[in-house]
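Topology and contacts: notes
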Amino acid sequence: MEFRANYPIYLQIAEDLKRRIVIGELKPGDKLPSNAELAMAYQVNPNTVQRIYRQLESEGISFSKRGIGTFLTDDATMPNRLRQEIGTSVSKNFLAQMRTYNFTNEEILQLLQAQWKEGDIC
């Protein structure tokens, strides 16, 4: 994973874990990798992993069992909730950026429809 310089690494990794939940790689109730395993996978310091897991816990996505590990909450609605949150965030950022170029809602919609018809949008 390549990290963006202007955004905290722990949040980027947390977002990647959320993406993996949304696409079904990680499922509600799954045990997450140990701090050392995740640190090695993302090539970060184990302290960064602790921060990632604290972030996910604060968002109600995971919980820790002392001496056993960190687990995703066993909420079957979590992947869809995360998907909606991510979709809302991405679309708000997209619209904000388009507005910096003075695109109207109608123009944005026309551009998206044209790209869709051309097959440039998956």
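You'll find the structure just up there.
Described in the following lines is the structure provided in the data block. Predicted, not measured: the structure shown is a model, and the values here were computed from it. (Residues numbered from 1 in each chain as written. Predicted model: local features only at pLDDT ≥ 70, side-chain atom pairs only at ≥ 80, totals over all residues. Heavy atoms only, no water.)

1. Things to note about the overall build of the protein chain
On a plain count of helices and strands, the protein chain comes out with five helices and two strands. For the protein chain, the share of sequence-separated contacts (at least 6 apart) that also reach a separation of at least 24 residues comes to 49%. Summed over all atoms, the accessible surface of the protein chain reaches about 8600 Å², with 52% contributed by carbon and sulfur. Looking at charge distribution, the protein chain has the averaged site of its 15 positive side-chain charges lying 6 Å from that of its 15 negative ones. (Helix = DSSP H or I, 4+ residues; strand = E, 2+ residues; numbered from the N terminus. Contact = heavy atoms within 4.5 Å. Areas by Shrake-Rupley, 256 points an atom, 1.4 Å probe, with all protein chains shown as cover. Lys, Arg positive; Asp, Glu negative; His and termini not counted. Charge placed at Lys NZ, Arg CZ, Asp CG, Glu CD.)

2. Observations concerning the pattern of salt bridges
Taken as a whole and judged by the stated rule, the model has five salt bridges. The shortest N-O distance in the salt bridge between Asp16 and Arg19 comes to 3.0 Å. One end of the pair is Asp16 and the other is Arg19, both in helix α1 (residues 9-22) and three residues apart, which spans about a single turn. Note that Glu85 and Arg81 form a salt bridge whose closest N and O atoms lie 3.2 Å from each other. Of the two residues, Glu85 and Arg81 both sit in helix α4 (residues 78-100), four residues apart, roughly one turn of that helix. Using a relative accessible area of 38% as the deciding quantity, one classes Glu85 as partly exposed. Judged by relative accessible area, Arg81 falls into the partly exposed class, the value being 31%. (Salt bridge = Lys/Arg side-chain N within 4 Å of Asp/Glu carboxyl O. Buried < 20%, exposed > 50% of the residue type's maximum accessible area, 1.4 Å probe, protein only.)

3. Structural notes on the layout of surface pockets
The probe, sized like a water molecule, is rolled over the atoms to show the empty space still left. Size it by volume and the largest pocket reaches roughly 390 Å³. Contributing to the lining of the largest pocket are 19 residues, with Tyr7, Glu15, Lys18, Ile86 and Ser89 lying nearest its centre. Taken together, the elements giving at least two residues each to the lining of the largest pocket come down to α1 and α4. Here the lining of the largest pocket takes seven residues from α1, the largest share from any one element. Residues of the lining of the largest pocket, tallied by class, amount to seven nonpolar, four polar and eight charged. Quantified by volume, the second largest pocket comes out at close to 170 Å³. Lining the second largest pocket are 16 residues, with Asn35, Tyr53, Ser64, Gly69 and Thr70 sitting closest to its centre. Looking at the lining of the second largest pocket, the elements with two or more residues in it are α3 (46-58), β1 (62-65) and β2 (69-72). A class-by-class count of the residues in the lining of the second largest pocket yields four nonpolar, seven polar and five charged. (1 Å grid on protein atoms, 1.4 Å probe; cavity = no way out; pocket = protein on both sides within 12 Å on 5 of 7 lines; lining within 4 Å. Points joined across faces, edges and corners; volume = space filled by probe spheres on them. Nonpolar A, V, L, I, M, F, W, Y, C, P; charged D, E, K, R; others polar.)

4. Structural notes on the side chain of Thr70
Relative to the assigned elements, Thr70 resides in strand β2. Within polar-contact distance, the side chain of Thr70 engages the side chain of Ser64 at 3.4 Å. Contact partners of Thr70, with chain neighbours within four places excluded, come to Asp30, Lys31, Leu32, Tyr53, Ser62, Phe63 and Ser64. (Polar contact = N/O pair within 3.5 Å; in protein donor to acceptor, adjacent residues only side chain to side chain.)

5. Notes on a nonpolar patch on the surface
Among the surface-exposed residues, Phe94, Leu95 and Leu112 lie close enough to one another that they form a single nonpolar patch of about 220 Å² accessible area. The topology assignment puts Leu95 in helix α4. (Patch = residues over 30% accessible without salt bridge, like charges linked within 9 Å, V, L, I, M, F, W, Y side chains within 5 Å.)

6. Description of unusual backbone geometry
Notably, Gln43 is not glycine yet its phi reads approximately 55°, a positive angle. By the element assignment, Gln43 lies in the loop between α2 (35-42) and α3. Judged by relative accessible area, which is 73%, Gln43 ranks as exposed. The backbone of Asn102 sits at a positive phi, close to 65°, despite the residue not being glycine. Residue position: Asn102 is located in the loop between α4 and α5 (105-118).

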